[in-house]
Every structure is written in C-alpha cells, then in structure tokens.
Amino acid sequence: MSEPKPKRLGVLLSGRGSNFIAIADAIAAGSLTGCEIVCVLSNIADAPGITTAQQRGFATEIHVSKGVPREEHDARMAASLKAHAVDLVILAGYMRVLSPGFINAFPDRILNIHPSLLPAFPGLHAQLQALNYGTKFAGCTVHFVDEAVDHGVIILQKVVPVLDGDDEAALSARILEQEHTAYPEAIAHVLSGEYRAHGQRYLHIG
Ligand code: GAR
C-alpha cells in the first residue's frame, strides 16, 4: 500500500522564526512525520524568519500588513494558503489578530503557540507579565485559534519554573526551549486525528 500523502502545513510568522525552524528541523530529522511545510508567509517584509525560510528553499510570500485594512490583508493571506492547498495553518510568532473571515476559512485548522500558560497572560510580553505577577511557574501553550486573542481549545502545555534570578530574557529563553518541542509534538498529535474536542477540552482518544 502506498504511503498517505503528507499533510500540507502553511506557516505564518512575523519575526525571528525559531518555532518555524524547530518545526522544519523536526520534519527534516524525521521526528515529525506525515507532513511538510509548503509555504512560509509573513506580514513583515524583513522578518528574519522569512530570510531563513528562503535560505532553506521554502516557498515564501510576503503580504505587508501595514496600512492595509485587516479584512483585506487576511483575505490575501487566506488566498495564498488556499493556493498552496494547506491542511493546517501554523502561527509561529505571527503577531496579528486574525479576522473572523480568516478563521472561518480554516475551521479547526489554525494552530498557535503562546509563551504563557493560558488563560494567564494573553497578548504581548507574556513572559514579563508572568514575572511581574510573581507566578512561580510559567510555560507555553499550543492551541487551536478562535476569534479571541490567544484563545481556543488547548492542545498541550509545557511548564517551566520561574527562578528568583530571572529577568524577561532568561525566562523567555527557558520557555522558548519548551516551545520548540511543544509545537512539533502538538502538530503530530493533531495530525494523528486521535483527539476530540469536548467544549474547551482537547481529549486524547485511541
Ligand atoms: C514565541 O515566543 C511565541 O510563543 C510568541 O512569539 C514568539 C515568536 O518567536 N507568540 C506570541 O506571543 C503569540 N501571541 P519565534 O519567531 O522565534 O518563533
């Protein structure tokens, strides 16, 4: 019997792109199987992650968001993703709030990673928010995307301690290391199909 066709991932990023690289590396190393990255899109022309994607030979597209109405920009992004026939949309440091039109174009097919234990600390500077609040644990969350910011059914979370000597950079680095294993793990699990959502809960089956 022939192998099933790899699922097609479309990555959206706005910055450094370390989560994109972690996913690409996991696929290249064979630790994340059954999928391929078919396009890397950005709203920022000089996002370092886009340069890396180009250097690695991925198909890239830039749709600058500045000055473009949200619905219009999102429609361009969605059209690119549809043209690449993506099965899953992977937000990897994509720092834009998505319009309902975009979200509805990919129902239950958009994943995001956020550097906090949601629902704590959505939005910007999540790691600094955790430090300032004084939590003893922090971490990252991979979740399906719904219409609220950094919100949706949680697929998995990874926890790290907050240490007395931490500043924002140190805590961010400890969380980022976990992000890089969490995202490939979450993608693999979603692609396995061995889950069902029960309200807000992601339940493993099989
Ligand atoms: C990551 O820490 C990711 O969790 C965060 O942006 C960073 C992107 O880093 N995303 C959010 O805050 C989303 N609300 P990267 O460009 O190196 O992957």
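For the structure itself, consult the block above.
The text that follows walks through the structure, step by step, so that each part is easy to find.

Quick notes on the rules
Residues numbered from 1 in each chain as written. Predicted model: local features only at pLDDT ≥ 70, side-chain atom pairs only at ≥ 80, totals over all residues. Heavy atoms only, no water. Helix = DSSP H or I, 4+ residues; strand = E, 2+ residues; numbered from the N terminus. Rg over C-alpha atoms; globule rule 2.2 N^0.38 Å. Buried < 20%, exposed > 50% of the residue type's maximum accessible area, 1.4 Å probe, protein only. Contact = heavy atoms within 4.5 Å. Areas by Shrake-Rupley, 256 points an atom, 1.4 Å probe, with all protein chains shown as cover. Lys, Arg positive; Asp, Glu negative; His and termini not counted. Charge placed at Lys NZ, Arg CZ, Asp CG, Glu CD. Pairing = 2+ DSSP bridges. Axes fitted to C-alpha atoms, helices over the stretch in contact; angles between N-to-C directions. Salt bridge = Lys/Arg side-chain N within 4 Å of Asp/Glu carboxyl O. Near = heavy atom within 4 Å. Polar contact = N/O pair within 3.5 Å; in protein donor to acceptor, adjacent residues only side chain to side chain. Nonpolar A, V, L, I, M, F, W, Y, C, P; charged D, E, K, R; others polar. Disulfide = S-S within 2.5 Å.

1. Overview of the overall build of the protein chain
On a plain count of helices and strands, the protein chain comes out with six helices and nine strands. Taking 206 residues into account, the globule formula puts the C-alpha radius of gyration at 17 Å, and the protein chain, at 17 Å, falls close to it. Expressed as lengths along the three principal axes of its C-alpha atoms, the size of the protein chain is roughly 50 × 45 × 35 Å. Expressed as a percentage of the 206 residues in the protein chain, the buried residues total 47%. Within the protein chain, contacts between residues separated by at least 24 positions form 61% of all contacts whose residues are at least 6 apart in sequence. Total accessible area on the protein chain stands at roughly 10,400 Å², and carbon and sulfur atoms take up 55% of it. If the 16 positive side-chain charges of the protein chain are averaged to one point and the 21 negative ones to another, these points end up 3 Å apart.

2. Some points on unusual backbone geometry
For the bond running from leucine 118 to proline 119, omega is 15 degrees, close enough to zero to count as cis. Position of proline 119 relative to the elements: it lies in the loop between strand 5 (110–114) and helix 5 (126–133). The backbone of aspartate 108 shows a phi angle near 55 degrees, a positive value even though the residue is not glycine. By secondary structure assignment, the location of aspartate 108 is in the loop between helix 4 (100–105) and strand 5. You will see that histidine 125, though not glycine, has its phi angle at about 50 degrees, which is positive.

3. Quick notes on the sheet that holds strand 5
Sheet architecture is open: seven strands sit in the order 3-2-1-4-5-6-7, paired in mixed fashion. Of all the strands in the sheet, the pair left with one neighbour each is strand 3 (60–62) and strand 7 (154–161). Going from strand to strand, the sheet's axes swing by 20 degrees on average, the running direction of each strand aside. Pairing between strand 5 and strand 6 (residues 137–144): four bridges, direction antiparallel.

4. Topic: the pattern of salt bridges
All chains considered together, the criterion is met by five salt bridges. The salt bridge involving glutamate 36 is made with arginine 8; its shortest N-O contact spans 3.7 Å. On the criterion of sequence distance, the pair formed by glutamate 36 in strand 2 (residues 35–42) and arginine 8 in strand 1 (residues 7–13) is long-range, its members being 28 residues apart. Among the residues examined, arginine 8 registers a relative accessible area of 27% and is labelled partly exposed. Here lysine 158 ties to glutamate 185 by a salt bridge, and the two come within 2.9 Å at their closest N and O atoms. A residue pair is termed long-range when its members are at least 10 positions apart, and lysine 158 in strand 7 and glutamate 185 in helix 6 (residues 168–192) qualify at 27 residues. Classification of glutamate 185 as partly exposed rests on a relative accessible area of 40%.

5. Focus on the site of the ligand
Taken together, Arg16, Gly17, Ser18, Asn19, Gly93, Met95, Ile113, His114, Pro115, Asp150 and Glu179 make up the full set of residues adjacent to the ligand. Contacts to the ligand include isoleucine 113, whose backbone N or O atom sits 3.5 Å from a nitrogen atom. Between the ligand and glutamate 179 there is a distance of 2.8 Å, counted from an oxygen atom to a side-chain nitrogen or oxygen. Summarising the interface, the protein chains cover 89% of the accessible area of the ligand, which totals 440 Å² for the free molecule. Those elements that place two or more of their residues in the shell around the ligand are helix 1 (18–29) and strand 5. Taken together, the residues of the shell around the ligand break down into three nonpolar, five polar and three charged.

6. Let's talk about the state of the cysteines
Within the structure shown, the criterion is met by zero disulfides. Cysteine 35 takes part in no disulfide bond, and the closest cysteine sulfur to it belongs to cysteine 39, at a distance of 13 Å. Residue classification places cysteine 39 among the buried residues on the basis of a relative accessible area of 0%.

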